[in-house]
Amino acid sequence: MAVCIAVIAKQNYPLYIRSVPTQNELKFHYTVHTSLDVVEEKISAVGKSLGDQRELYLGLLYPTEDYKVYGYVTNSKVKFVIVVDSSNTSLRDNEIRSMFRKLHNSFTDVMCNPFHNPGDPIQSKTFDGIVSGMMVQTG
């Protein structure tokens, strides 16, 4: 499961970042923000190619020694980044895709809330609960 999940706005500021364990939170913020360059690179490459432009899943952005970073971008250019522990070899690509679909559906529910202003940080308890369910359970 994920050790960090982030939702990044179109203008590249964080709408939501959650990490487990919390003592590495700054490290995960750095990892997420460095992955944005790779996301932008992949988005521009997809725009130039004649391939399927409806593909939202960007796949593995980059692996590090300890983590693997995956990306997903919505049609409105909101970016989702999931950081997974590299030691978790049982996690398949289709499971990562399903995590992104679940995250995207929950994000859509947050955006459909008439009391949420788009561009504000996400403070939904339902969204937080779904993200918590995708995180690594330590304890």
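Residues numbered from 1 in each chain as written. Predicted model: local features only at pLDDT ≥ 70, side-chain atom pairs only at ≥ 80, totals over all residues. Heavy atoms only, no water.

Colleague: Explain the overall build of the protein to me, please; I cannot follow it from the model alone.
Modeller: Of regular secondary structure, the protein possesses three helices and five strands. Start at the N end of the protein and walk to the C end: the helices and strands fall as β-β-α-β-β-β-α-α. For 139 residues, the compact-globule estimate of 2.2 N^0.38 gives 14 Å, and the C-alpha radius of gyration of the protein, at 14 Å, lies within 12% of that figure. By principal-axis analysis of the C-alpha atoms, the protein measures approximately 45 × 40 × 25 Å. Long-range contacts, defined as pairs at least 24 residues apart, comprise 54% of the intrachain contacts of the protein with a sequence gap of at least 6. Accessible area of the protein: about 8,000 Å², with a carbon and sulfur share of 51%. (Helix = DSSP H or I, 4+ residues; strand = E, 2+ residues; numbered from the N terminus. Rg over C-alpha atoms; globule rule 2.2 N^0.38 Å. Contact = heavy atoms within 4.5 Å. Areas by Shrake-Rupley, 256 points an atom, 1.4 Å probe, with all protein chains shown as cover.)

Colleague: Explanation requested: helix α2 (residues 93–111) in the structure shown.
Modeller: Note that an α-helix has 3.6 residues per turn; residues three or four places apart therefore point the same way. An ideal rise of 1.5 Å per residue puts 27 Å on 19 residues; α2 measures up with 27 Å between its terminal C-alpha atoms. Burial in α2 covers these residues: Ile-96, Met-99, Phe-100, Leu-103, His-104, Ser-106, Phe-107 and Val-110. Buried residues in α2 make contact with β1 (2–8), β2 (14–19), β3 (57–63), β4 (67–73), β5 (79–85) and α3 (125–134). (Expected span 1.5 Å × (residues − 1). Buried < 20%, exposed > 50% of the residue type's maximum accessible area, 1.4 Å probe, protein only.)

Colleague: Explanation requested: the pairing of β4 in the structure shown.
Modeller: In regular strands, side chains alternate between the two faces of the sheet. Extensive coverage of β4 is indicated by the burial of six of its seven residues. By the bridge criterion, five bridges tie β3 to β4 in an arrangement that is antiparallel. Bridge pairing links Pro-63 to Lys-68 in β4. In this structure, β4 lies alongside β5, joined through seven bridges in antiparallel fashion. Directly across from Tyr-70, in β5, lies its bridge partner Ile-82. If you look at the hairpin formed by β4 and β5, you'll find five residues sitting between the two strands, and Lys-77 has a positive phi there, around 70°. (Pairing = 2+ DSSP bridges.)

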